[in-house]
Amino acid sequence: QVQLVESGGGLVQPGGSLRLSCVVSGFTLDDYAIGWFRQAPGKEREWVGCISSRGGSIFISDSVKGRFTISRDNAKNAVYLQMNSLKPEDAAVYYCAARRFMCGSVFGSWGQGTSVTVSS
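Residues numbered from 1 in each chain as written. Predicted model: local features only at pLDDT ≥ 70, side-chain atom pairs only at ≥ 80, totals over all residues. Heavy atoms only, no water.

1. Structural notes on the overall build of the protein
- Along the protein, the regular secondary structure elements total zero helices and 11 strands.
- In the protein, the succession of helices and strands from N to C terminus is β-β-β-β-β-β-β-β-β-β-β.
- Expected size for 120 residues packed as a compact globule is a radius of gyration near 14 Å; at 13 Å, the protein falls within 12% of this value.
- Expressed as lengths along the three principal axes of its C-alpha atoms, the size of the protein is roughly 40 × 25 × 25 Å.
- Classification of the 120 residues of the protein by burial places 41% in the buried group.
- Pairs at least 24 apart in sequence give 56% of the contacts found in the protein among residues at least 6 apart.
- Carbon and sulfur atoms make up 48% of the accessible area of the protein, which amounts to about 6200 Å² in all.
- Taking the average place of the 12 positive charges on the side chains of the protein and the average place of its 9 negative ones, the gap between the two points comes to 2 Å. (Helix = DSSP H or I, 4+ residues; strand = E, 2+ residues; numbered from the N terminus. Rg over C-alpha atoms; globule rule 2.2 N^0.38 Å. Buried < 20%, exposed > 50% of the residue type's maximum accessible area, 1.4 Å probe, protein only. Contact = heavy atoms within 4.5 Å. Areas by Shrake-Rupley, 256 points an atom, 1.4 Å probe, with all protein chains shown as cover. Lys, Arg positive; Asp, Glu negative; His and termini not counted. Charge placed at Lys NZ, Arg CZ, Asp CG, Glu CD.)

2. Considering the sheet that holds strand β8 (residues 78-83)
- If you walk across this open sheet you meet the four strands as β1-β3-β8-β7, and the pairing is antiparallel. With partners counted over all chains shown, the strands left at the sheet margins are β1 (3-7) and β7 (68-73), one partner each. Mean inter-strand twist for the sheet, computed between neighbouring axes without regard to direction, equals 20°.
- Of the strand pairs in this sheet, strand β3 (residues 18-25) and β8 are connected by six bridges, and their pairing is antiparallel. (Pairing = 2+ DSSP bridges. Axes fitted to C-alpha atoms, helices over the stretch in contact; angles between N-to-C directions.)

3. Regarding the state of the cysteines
- Throughout the structure, instances matching the rule amount to two disulfides.
- Bridging Cys50 to Cys103, the disulfide has an S-S length of 2.1 Å. On the sign convention where negative is left-handed, the bridge of Cys50 and Cys103, at about -95° about the S-S bond, is left-handed. With Cys50 in strand β5 (residues 46-51) and Cys103 in the loop between β9 (92-100) and β10 (109-110), this pair connects stretches of sequence that are 53 residues apart. (Disulfide = S-S within 2.5 Å.)

4. Here's the deal with unusual backbone geometry
- The phi dihedral of Ser85 is positive, around 50°, even though this residue is not glycine.
- Structurally, Ser85 can be placed in the loop between β8 and β9.

Written out as structure tokens, the structure is:
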């Protein structure tokens with residue numbers, strides 16, 4: 001029923017950019033806030049940011065603020081994570097997740113993740 005599919009990961013050099021996509025199906029995207037998370041091997045899952053259901057509120061973690069931003073195109077059932085000035089410590093599996101209307105601490109539906117590697 002509810003599906004979230006991330007894409008856009010890959011290998012990028014330090015200082016480079018990637019745009020990750022989260023395409024959703026099985027629910028009305030404009031009723032849901034979408035969060036982005038990441039998890040590196042041996043580390044706990046880290047919250048990256050969130051965008052509210054209509055895009056009016058965007059929250060970005062301090063660790064990536066100024067380099068990452070989130071946008072959405074509800075007509076295309078898609079949310080994007082634009083990552084600029086990538087650093088090796090940004091390497092992780094990135095996940096998108098959904099919750100009703102507003103950003104918060106609990107997300108009920110998750111995608112499968114897309115892997116980002118930052119290396120020379």
